[in-house]
Number of protein chains: 2
Amino acid sequence: MICDKIIKKRRKFRMLLNEHTIQEKGVEKGSVGFLLTPTKTEKELYFYITECGHYYCSRDYEINRNYYPQPLVMCILRGCMIAEYRKCRHRLTAGSVIVIDCSEPHRYYAAADGLEFLFLHFDGSNSHQLVKHILNTTGARPEGGSCAVIRQMLETRIEICRGYAAEPVVESSHWVYTLIKNLHRDNESYSYQSRSYVETVSRYINLHIGEKITVHELASLCGWSDSYFSHKLKEDTGYTPIEYVIEKKMTYARSLLFHTDLSVEEIADHIGYSLRGFINTFSERNNCAPGQLRKEIRLINQVNKKI
Amino acid sequence: MICDKIIKKRRKFRMLLNEHTIQEKGVEKGSVGFLLTPTKTEKELYFYITECGHYYCSRDYEINRNYYPQPLVMCILRGCMIAEYRKCRHRLTAGSVIVIDCSEPHRYYAAADGLEFLFLHFDGSNSHQLVKHILNTTGARPEGGSCAVIRQMLETRIEICRGYAAEPVVESSHWVYTLIKNLHRDNESYSYQSRSYVETVSRYINLHIGEKITVHELASLCGWSDSYFSHKLKEDTGYTPIEYVIEKKMTYARSLLFHTDLSVEEIADHIGYSLRGFINTFSERNNCAPGQLRKEIRLINQVNKKI
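Remember, predicted model here, so these are calculated numbers, not experimental data. (Residues numbered from 1 in each chain as written. Chains lettered and ligands numbered in written order. Predicted model: local features only at pLDDT ≥ 70, side-chain atom pairs only at ≥ 80, totals over all residues. Heavy atoms only, no water.)

Okay, the packing of helix α7 (residues 215-222) of chain A against helix α8 (residues 226-237) of chain A next. Residue and element names in this part refer to chain A. In the contact formed by α7 and α8, the axes pass within 9 Å of each other and the chain directions differ by 85°. Classified by the angle between their axes, α7 and α8 sit roughly perpendicular to one another. Each of Val 215, His 216, Leu 218, Ala 219 and Cys 222 in α7 lies in contact with α8, whose residues at this interface are Asp 226, Phe 229 and Ser 230. Grouping the constituent residues of the contact of α7 with α8 by class yields five nonpolar, two polar and one charged. (Axes fitted to C-alpha atoms, helices over the stretch in contact; angles between N-to-C directions. Helix = DSSP H or I, 4+ residues; strand = E, 2+ residues; numbered from the N terminus. Parallel < 35°, antiparallel > 145°, perpendicular 65-115°, else oblique. Contact = heavy atoms within 4.5 Å. Nonpolar A, V, L, I, M, F, W, Y, C, P; charged D, E, K, R; others polar.)

Below, the structure written as structure tokens:
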């Protein structure tokens, strides 16, 4: 009964939201906006949507601010929007998508009458850091293929909000994460190629885990000069070649410590380190000497077996 | 040329990994294990796989430890595994899946010869907190439907590792997040129903945002007693009914502050608060009085317009 009342009032509710959005200058009739309230668990652990909407705007529409709490994704359906952001002026027409870290100054407005677009603010987990990272690598404008996917995703999402359909927390969090994934540069053009030479190098190191491995060896494996290889690896993995080899050797050593009964000396030998060198390098990275870690593992196992 | 050598050595490489895994007592021939090294960006921002494998085990296989750095997911393919964890003894047969927060004591072993299973360790972003949350809500054993999906995911992943196929960081992070999603209880049985009454309540509050809303009003909307409703809402959203109404009103007020020119008095009135009450409640939650926030927004807008 009360539910019936609500269904009847849906119109009014939409109007209410309209009223609120219409108070933004230039937002026209027919526009909808939704404000969502996350649960405490969503705030603590998940990605979640805070606002989304479908706006029809006249030339008077303009947002100009230094700060808004949540990142924003917009997709233009019709007309033209100008977005000024991070020292770039983007001219966004039908099909264009832009992502904005609203904690930085941003301005966007209708270039003329007849602007129609979808927008969505999200938050939670490490979404702010992810958006910053996307902006620093891919930039504010996802590529062609992704734009179509994002448009579809936003359209569906707004339909879900219009229908007041319920959805489990985990589903909507996963949905936001998928959206974020699509804001990254297209796989083909980005890290796919990069990763495949990293895999080659990584395999080579695994094969020669006990040997001394030189930068030149790894560079020639990729058919590149030493300096280009060093530069590229640093860019793609964050490690210099030497650091990368050490990282892999130490990961392997840690696994041996956990999974085998090999002594610390044997493990050092296995990965081509002197005992002293191994202990120093390992301790530095794990805040714990390998012998100490091994002792703890043994002690724990004994105690557990007694129980 | 060097690549050819690598392909030839694949066998040796697998053997190498085998040797390392075979050093675990009870792990038999044909088993494979993969150790993966995350990039710096993965460590900082994404979910990533650290280890995975496909093990064939005799009755001698046993892992007994207080601590291992990464959460673990296992899926049994054949035979029987016993897992003792969080004061439960799980008997895992073909098709069973278990998730373990390895920072807590855990023991698992082959119940007899002929155990075959897939495993995967992952890390990054807030994966540890998510796993703890899953264990506290869903528990260590995902439900039937999810188990089949997880099994398929692990099988595919191990094939990818076998083929040394490269994959962009974002893709594998999204893959891990999908795996985590599937570890949560099935949608039907879990929060789907819960969420739909929350949506009803949420809609009602939106419709009556300027009015005083009682617990009884909201409870009867769901056809429940006041106390059951309060208990259920707290469980599902983390908020008591009163807190939930306040949360929604303050979210709405913040949006009005950002999006409209309404004065603080008008906004207070709009959400049914006295001016003083609104200022106090808003300030408490946003570490900033509404008037202050409004002033800052105005100032920023003026500065921006001058530029």
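On to the sheet that holds strand β4 (residues 72-78) of chain B. Residue and element names in this part refer to chain B. Pairing in this open sheet of five strands is antiparallel, and the strands run β1-β2-β9-β4-β7 from one edge to the other. The two strands at the open ends of the sheet, each matched to only one other strand, are β1 (32-35) and β7 (97-100). The average angle at which neighbouring strand axes cross in this sheet is 15°, direction not considered. Sheet strands in contact with helix α3 (residues 127-137) are β2 (47-57), β7 and β9 (115-124), and its direction is about 125° off that of β9. Its contacts with the sheet put helix α4 (residues 144-162) on β1, β2, β4, β7 and β9, and the angle it makes with β9 is roughly 80°. (Pairing = 2+ DSSP bridges.)

Once that is clear, we can look at the pattern of salt bridges. Residues and elements named next belong to chain A. Across all of its chains, the model carries 28 salt bridges over all chains by this definition. A salt bridge links Glu 84 to Arg 89, with the shortest nitrogen-to-oxygen separation between them at 3.9 Å. Taking the relative accessible area as the measure of exposure, Glu 84 reaches 27% and is therefore partly exposed. Here Arg 285 makes a salt bridge to Glu 247, at a shortest N to O gap of 2.8 Å. Of the two residues, Arg 285 sits in helix α11 (residues 275-286) while Glu 247 sits in helix α9 (residues 241-259), which places them 38 residues apart along the sequence. Owing to a relative accessible area of 11%, Glu 247 belongs among the buried residues under this scheme. Salt bridges here are not isolated pairs; linked through shared partners, they connect Glu 62, Glu 84, Arg 89 and Arg 107. (Salt bridge = Lys/Arg side-chain N within 4 Å of Asp/Glu carboxyl O. Buried < 20%, exposed > 50% of the residue type's maximum accessible area, 1.4 Å probe, protein only.)

All names here are of chain B. Per the stated rule, a full pass over the model turns up zero disulfides over all chains. Of all cysteine sulfurs, the one in Cys 161 lies closest to Cys 52, which takes part in no disulfide; the gap is 3.6 Å. Given the relative accessible area of 0%, Cys 52 is considered buried. (Disulfide = S-S within 2.5 Å.)

Right, let's get into α8 of chain A. Residues and elements named next belong to chain A. Helix length check: α8, at twelve residues, gives a terminal C-alpha distance of 16 Å against a target of 16 Å (1.5 Å per residue), a fit within 8%. Within α8, the full set of buried residues consists of Phe 229, Lys 232, Leu 233 and Thr 237. Along α8, the residues classed as buried sweep out an arc of 100° about the axis, all on the same side. Opposite the packed face of α8, turned more than 90 degrees from it, sit the exposed residues Ser 227 and Glu 235. Immediately beyond the C-terminal end of α8, within one or two residues, lies Gly 238, with a positive phi of roughly 85°. (Expected span 1.5 Å × (residues − 1). Arc of directions from axis to C-beta.)

Right, let's get into the pairing of strand β1 (residues 32-35) of chain A. All names here are of chain A. Residues Val 32 and Phe 34 of β1 are buried on one face, and the alternating residues Gly 33 and Leu 35, pointing to the opposite face, are buried as well. Bridging between β1 and strand β2 (residues 47-57) involves four bridges; their strand directions are antiparallel. By the bridge assignment, Phe 34 is partnered in β2 with Cys 52.

Positive phi, close to 55°, is recorded for Asn 287 of chain A, a residue that is not glycine. Here Asn 287 of chain A lies in the loop between α11 and α12 (290-306). Positive phi values are uncommon outside glycine, yet Arg 86 of chain B reaches one of about 50°.

This part covers the environment of Glu 62 of chain A. Residue and element names in this part refer to chain A. In this fold, Glu 62 is placed in strand β3 (residues 62-65). Glu 62 sits 37 residues away from Lys 25 along the chain, and the two C-alpha atoms are 7.3 Å apart. Looking at Glu 62, its side chain comes within polar contact range of the side chain of Arg 107, at 2.9 Å. (Polar contact = N/O pair within 3.5 Å; in protein donor to acceptor, adjacent residues only side chain to side chain.)

Here the focus is the confidence of the model for chain A. Residues and elements named next belong to chain A. Put simply, chain A has an average pLDDT of 85, and 86% of its residues get 70 or more. Contacts for the low-pLDDT stretch residues 1-22, under 50 throughout, to residues beyond four places or in other chains number 39 contacts. For residues 187-192, every residue scores under 50 in pLDDT, and the model assigns this stretch eleven contacts once sequence neighbours within four places are set aside. (pLDDT = per-residue confidence, 0-100.)

Inspection of the secondary structure assignment puts Ser 173 of chain B in helix α5 (residues 169-183). By relative accessible area, which is 0% here, Ser 173 of chain B ends up buried. From its side chain, Ser 173 of chain B meets the backbone nitrogen of Phe 47 of chain B in a polar contact 3.1 Å long. When residues no more than four places from it in sequence are discounted, the contact partners of Ser 173 of chain B are Tyr 177 of chain A together with Tyr 46 and Phe 47 of chain B.

Right, let's talk about the sheet that holds strand β6 (residues 88-93) of chain B for a bit. All names here are of chain B. A sheet is described by the order of its strands in space; here four strands give the open sequence β3-β8-β5-β6, paired in antiparallel fashion. Both edges of this open sheet fall to β3 (62-65) and β6, since each of them pairs with a single strand only. In this sheet, neighbouring strand axes are inclined to one another by 15° on average, regardless of whether the strands run parallel or antiparallel. When strand β5 (residues 80-85) meets β6, the two strands line up antiparallel, connected through six bridges. Residue pairing in the sheet places Tyr 85 in a bridge with Cys 88 of β6.

Turning our eyes to something else, we now look at the packing of aromatic side chains. All names here are of chain B. Taken as a whole and judged by the stated rule, the model has 29 aromatic pairs over all chains. With a centroid separation of 4.8 Å and 70° between ring planes, the pair formed by Tyr 55 and Phe 119 is classed as edge-to-face. Within this pair, whereas Tyr 55 is found in strand β2, its partner Phe 119 is found in strand β9, the two being separated by 64 residues in sequence. With respect to class, Tyr 55 is no different from Phe 119; both count as buried. Here the aromatic rings of Tyr 239 and Tyr 244 are separated by 6.1 Å at their centres, their planes lie at 45°, and the arrangement is tilted. For the pair formed by Tyr 239 and Tyr 244, the shared burial category is buried. (Phe/Tyr/Trp six-rings, centres within 6.5 Å; stacked < 30°, edge-to-face > 60°.)

When a protein is soluble and globular, its nonpolar side chains tend to lie buried together. Core analysis: the biggest nonpolar cluster contains 177 residues, and Tyr 61 and Phe 117 of chain A together with Tyr 61 and Phe 117 of chain B have the highest contact counts within it. Among residues more than four places away in sequence, those in contact with Tyr 61 of chain A are Glu 24, Lys 25, Gly 26, Val 27, Tyr 55, Tyr 108, Tyr 109, Ala 110, Leu 115 and Phe 117 of chain A. (Core = buried A, V, L, I, M, F, W, Y, C linked by side-chain atoms within 4.5 Å.)

As for its placement among the helices and strands, Ser 263 of chain B is situated in the loop between α9 (241-259) and α10 (264-270). In this structure, the C-alpha to C-alpha distance between Ser 263 of chain B and Arg 294 of chain B, residues 31 residues apart in sequence, is 8.6 Å.

When two helices pack together, their arrangement is captured by the angle between the axes and the distance separating the axes. Residue and element names in this part refer to chain A. Packing of α9 against α11 leaves a shortest axis separation of 11 Å and a crossing angle of 90°. Comparing their axes, α11 and α9 come out roughly perpendicular. Here Ile 246, Glu 247, Met 250, Ala 253, Arg 254 and Leu 257 of α9 come into contact with α11, specifically with Phe 278, Thr 281, Phe 282, Arg 285 and Asn 286. Across the contact of α9 with α11, the residue classes tally to six nonpolar, two polar and three charged.

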